[in-house]
Amino acid sequence: MSERSRPDRDRTRQLFADLNSLDEASPEYRAVRDELVAAHMPLVRYLARRFAGRGEPSDDLLQIGTIGLLQAIDRFEPGRGLEFSTFATPNIAGEIKRHFRDRGWMVKVPRRLQELQAELTTGIGELSQRLGRSPTVAELAAHLHVSQEEVIEATESARAYSAVPIDVPSAATGMSIADSLMEPDTALGKVELRHALRPVLAELPPRERQALVLRFVENRTQSEIAKVLGVSQVHVSRLLAKTLGQLREKLPDVHWDA
């Protein structure tokens, strides 16, 4: 991959070089650090989205991820030859995982529901023996002299009360819930690639760039692209072949299939 196709990496290296030469208390140091944070916020947002839907607000995950990014900036050693985004990714993800471990799934069940849950256990046993079947919510509510809503709420709270700690390995798999919070993601390795692609695609003429977007982003066929561009399918085929040839020269490590 040519140096011309990696201006973001070059800029990051320069920023870290500047950072190491400045006084930490100076306004210049804070400005450089802020630029590094701004440049890598897309990575934080990407990783935060990987943990979405697990009971924590997305803004909180973004804030925690940003803390991980700041810590990565402070810990990074450019002289070790590692790209910063490669170093920062596990730091950001690790900070989010620690947030889930420490706070995300800690559920406090009110004492009233704990007591009702214990009564439910006894009541279910008594009614099951008397009725010869599992009791309904209405029958449990009448037996315990509570509302059906309270029975449902206590049943749900029992699940939280007996929840397995996320850092305890399962006897069946040997893995904890925390281990599975972030499964291997093949797209993660393409984060730097997307940064490298931006300047290369920006240099293409509008029609070539549109053809690539239609083909690789929207997954359009060549005949569909021809209709959108108002040209023949043969012309689209030649256009894609020419454009992909240029991209292969600048990004030889990427597999392109028109």
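Residues numbered from 1 in each chain as written. Predicted model: local features only at pLDDT ≥ 70, side-chain atom pairs only at ≥ 80, totals over all residues. Heavy atoms only, no water.

- Looking at an unreviewed UniProt entry, the chain carries the name SigB/SigF/SigG family RNA polymerase sigma factor, with the source organism given as Jatrophihabitans telluris.

Things to note about the overall build of the chain
Thinking step 1. Scanning the chain for helices and strands turns up 13 helices and zero strands.
Thinking step 2. Helices (α) and strands (β) of the chain occur, in sequence order from the N terminus, as α-α-α-α-α-α-α-α-α-α-α-α-α.
Thinking step 3. Residues counted as buried form 34% of the 258 residues belonging to the chain.
Thinking step 4. Residue pairs at least 24 apart in sequence account for 59% of intrachain contacts in the chain once pairs closer than 6 positions are excluded.
Thinking step 5. Carbon and sulfur atoms make up 52% of the accessible area of the chain, which amounts to about 15900 Å² in all. (Helix = DSSP H or I, 4+ residues; strand = E, 2+ residues; numbered from the N terminus. Buried < 20%, exposed > 50% of the residue type's maximum accessible area, 1.4 Å probe, protein only. Contact = heavy atoms within 4.5 Å. Areas by Shrake-Rupley, 256 points an atom, 1.4 Å probe, with all protein chains shown as cover.)

A closer look at the UniProt feature "domain: RNA polymerase sigma-70" (unreviewed entry) in the chain
Thinking step 1. When the UniProt feature table is mapped onto this chain numbering, "domain: RNA polymerase sigma-70" (unreviewed entry) sits at residues 60–73.
Thinking step 2. A helix fraction of 100% and a strand fraction of 0% characterise residues 60–73, whose end C-alpha atoms lie 20 Å from each other. (UniProt positions renumbered as here; feature names shortened; annotations may be inferred.)

Things to note about the side chain of Glu-95
Thinking step 1. As for its placement among the helices and strands, Glu-95 is situated in helix α5 (residues 84–104).
Thinking step 2. What makes Glu-95 buried here is its relative accessible area of 16%.
Thinking step 3. Residues contacting Glu-95, with those up to four places away along its chain left out, are Ile-64, Ile-67, Gly-68 and Gln-71.

Brief notes about the packing of helix α11 (residues 206–217) against helix α12 (residues 222–229)
Thinking step 1. The geometry of α11 relative to α12 is characterised by a closest axis approach of 10 Å and an angle of 140° between their N-to-C directions. On the basis of the axis angle, α11 is oblique to α12. Regarding α11 and α12, the two cross each other, and that crossing is right-handed. Every residue of α12 that contacts α11 at Arg-207, Gln-210, Ala-211, Leu-214 and Arg-215 is listed here: Ile-225, Val-228 and Leu-229.
Thinking step 2. Among the residues forming the contact of α11 with α12, the class breakdown is five nonpolar, one polar and two charged. (Axes fitted to C-alpha atoms, helices over the stretch in contact; angles between N-to-C directions. Parallel < 35°, antiparallel > 145°, perpendicular 65-115°, else oblique. Left-handed = near helix turned anticlockwise from the far one by under 90°. Nonpolar A, V, L, I, M, F, W, Y, C, P; charged D, E, K, R; others polar.)

What to know about the environment of Phe-16
Thinking step 1. Locating Phe-16 in the fold gives a position in helix α1 (residues 7–21).
Thinking step 2. With 60 residues separating them along the chain, Phe-16 and Phe-76 place their C-alpha atoms 8.7 Å apart.
Thinking step 3. Once residues within four sequence positions are removed from consideration, Phe-16 is found in contact with Leu-36, Ile-73, Phe-76, Pro-78 and Phe-84.

Examining the environment of Leu-47
Thinking step 1. Relative to the elements of secondary structure, Leu-47 occurs in helix α3 (residues 41–50).
Thinking step 2. Overall, the relative accessible area of 0% leaves Leu-47 in the buried class.
Thinking step 3. Residues Leu-47 and Gly-65, 18 residues apart in the sequence, show an inter-C-alpha distance of 7.7 Å.

So, the packing of aromatic side chains
Thinking step 1. All chains considered together, the criterion is met by four aromatic pairs.
Thinking step 2. Judged by centre distance (5.0 Å) and plane angle (50°), the rings of Phe-16 and Phe-84 are tilted. Taken together, the residues Phe-16 in helix α1 and Phe-84 in helix α5 connect sequence positions 68 residues apart.
Thinking step 3. Owing to a relative accessible area of 3%, Phe-84 belongs among the buried residues under this scheme. (Phe/Tyr/Trp six-rings, centres within 6.5 Å; stacked < 30°, edge-to-face > 60°.)

Quick look at the nonpolar core
Thinking step 1. Core analysis: the largest hydrophobic core is formed by 26 residues, its most contacted members being Phe-16, Leu-19, Leu-69, Ile-73, Phe-84, Ile-92 and Ile-96.
Thinking step 2. Elements that contribute at least two residues to this core include exactly α1, α2 (27–39), α3, α4 (58–75) and α5.
Thinking step 3. Core analysis: the next-biggest nonpolar cluster, separate from the first, contains 13 residues, Ala-211, Leu-212, Leu-240 and Leu-247 among them. (Core = buried A, V, L, I, M, F, W, Y, C linked by side-chain atoms within 4.5 Å.)

Brief notes about unusual backbone geometry
Only a minority of non-glycine residues have a phi that is not negative, and only a minority of peptide bonds are not trans.
Thinking step 1. The phi dihedral of His-145 is positive, around 60°, even though this residue is not glycine.
Thinking step 2. By the element assignment, His-145 lies in the loop between α7 (137–144) and α8 (148–161).
Thinking step 3. What makes His-145 exposed here is its relative accessible area of 73%.

With respect to α11
Thinking step 1. The end-to-end C-alpha separation of α11 is 15 Å, in line with the 16 Å expected for twelve residues at 1.5 Å each.
Thinking step 2. Regarding α11, the residues found buried are Glu-208, Ala-211, Leu-212, Leu-214 and Arg-215. Looking straight down α11, one finds its buried side chains confined to an arc of 165°; they lie on one side. Turned more than 90 degrees from where α11 packs its buried face, Pro-206 and Val-217 sit exposed.
Thinking step 3. Where α11 terminates, the next one or two residues include Asn-219, which has phi positive at roughly 55°. (Expected span 1.5 Å × (residues − 1). Arc of directions from axis to C-beta.)

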